[in-house]
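A closer look at the structure
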Amino acid sequence: MARIIIADDHPLFRGALCQAVLKLWPQAELVEAETVASARDAVNAEPADLLLLDLHMEDSDGLTALLDFRHDFPALPVVVVSASEESRVVRACQSLGASGFIPKSVDLDVMREALAQIRDGDVWFDADVIDNDDDAILFEKLASLTPAQRRILNLVSEGMLNKQIAYQMEISEATVKAHITAIFRKLDVVNRTQAVLVAKQLDVELPEVKSV
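Residues numbered from 1 in each chain as written. Predicted model: local features only at pLDDT ≥ 70, side-chain atom pairs only at ≥ 80, totals over all residues. Heavy atoms only, no water.

1. A few points about the overall build of the chain
Scanning the chain for helices and strands turns up 10 helices and seven strands. Scaling as 2.2 N^0.38, a compact globule of 212 residues should have a C-alpha radius of gyration of about 17 Å, and the chain matches this with 18 Å. Taking the principal axes of its C-alpha atoms as reference, the chain extends roughly 55 × 40 × 35 Å. Relative to all contacts within the chain whose residues are 6 or more apart in sequence, the contacts with residues 24 or more apart total 66%. As presented, the chain carries roughly 11,300 Å² of accessible surface, and 51% of it is formed by carbon and sulfur atoms. (Helix = DSSP H or I, 4+ residues; strand = E, 2+ residues; numbered from the N terminus. Rg over C-alpha atoms; globule rule 2.2 N^0.38 Å. Contact = heavy atoms within 4.5 Å. Areas by Shrake-Rupley, 256 points an atom, 1.4 Å probe, with all protein chains shown as cover.)

If you want it as structure tokens, here you go:
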């Protein structure tokens, strides 16, 4: 029996995803999660066959969650289901190893078609999204960072000094410096400003709700 985790902070949309999943996996065990942390707890508790992941939840607002799941659970297929549908975001998810990207704007038939393709071992991305080699290289560099290095890069992006990062992470300042040197090398940058600009590529803006 398949075990599928649906991570989204909107109960109504989780319900729609559950309907789509049960059409394809009638006997599936569905686990609903409204935060990245609870989704991670669910994966740690018992192996899962698929994770449907929203990019915008209470404790996540970008691609870092996808990076972390791909790094820590490389055998787990992750499908991003998001309202952020820009080509750059879709290409990023593809480069970071997602098994698919399903826009929240599609109807249930398209959603089921996408999930069926993924269930059969394929991937599903919008055919109109063209691969960009420069984007792929950049996200490969970001994917090469360890979770600790990504956390340090996030703190650098917040303007923290090495001493402050060391205190925040409960490590020595020398360790922070070593991590930052490794980050610069992996990202092929020479200073903090350049590293922050690369890190910003993981940000994903939530689309504005248009008034009727």
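2. Structural notes on the nonpolar core
The biggest cluster of nonpolar side chains holds 53 residues, and the ones touching the most others in it are L53, L63, L66, F69 and L187. In terms of residue count, helix α9 (residues 173–187) provides more of this core than any other element does, five residues in total. Setting aside its immediate chain neighbours within four residues, L187 contacts K141, L142, L145, L153, A195 and V198. Counting residues in each nonpolar core, the second largest holds 22 residues, with C18, V81, I102 and A114 among its members. (Core = buried A, V, L, I, M, F, W, Y, C linked by side-chain atoms within 4.5 Å. Buried < 20%, exposed > 50% of the residue type's maximum accessible area, 1.4 Å probe, protein only.)

3. Brief notes about the packing of aromatic side chains
What the rule picks out here adds up to one aromatic pair. When the centroid spacing of 6.0 Å and the interplanar angle of 35° are considered together, the rings of F69 and F73 count as tilted. The same class applies to F69 as to F73, namely buried. Across from the ring centre of F69, 5.3 Å away, lies the NZ or CZ of R40, which sits over that ring. Taking the ring centre of F13 as reference, the NZ or CZ of K104 above it sits at 4.6 Å. (Phe/Tyr/Trp six-rings, centres within 6.5 Å; stacked < 30°, edge-to-face > 60°. Lys NZ or Arg CZ within 6 Å of the ring centre and 35° of its normal.)

4. Things to note about the layout of surface pockets
What the largest pocket holds in volume is close to 400 Å³. Lining the largest pocket are 19 residues, with D61, G62, T64, N154 and D203 positioned closest to its centre. Among the elements of the structure, α2 (36–45), β5 (60–61), α3 (64–72), α7 (147–157) and α10 (192–199) are those that each provide at least two residues to the lining of the largest pocket. Residues that form the lining of the largest pocket fall into these classes: seven nonpolar, five polar and seven charged. (1 Å grid on protein atoms, 1.4 Å probe; cavity = no way out; pocket = protein on both sides within 12 Å on 5 of 7 lines; lining within 4 Å. Points joined across faces, edges and corners; volume = space filled by probe spheres on them. Nonpolar A, V, L, I, M, F, W, Y, C, P; charged D, E, K, R; others polar.)

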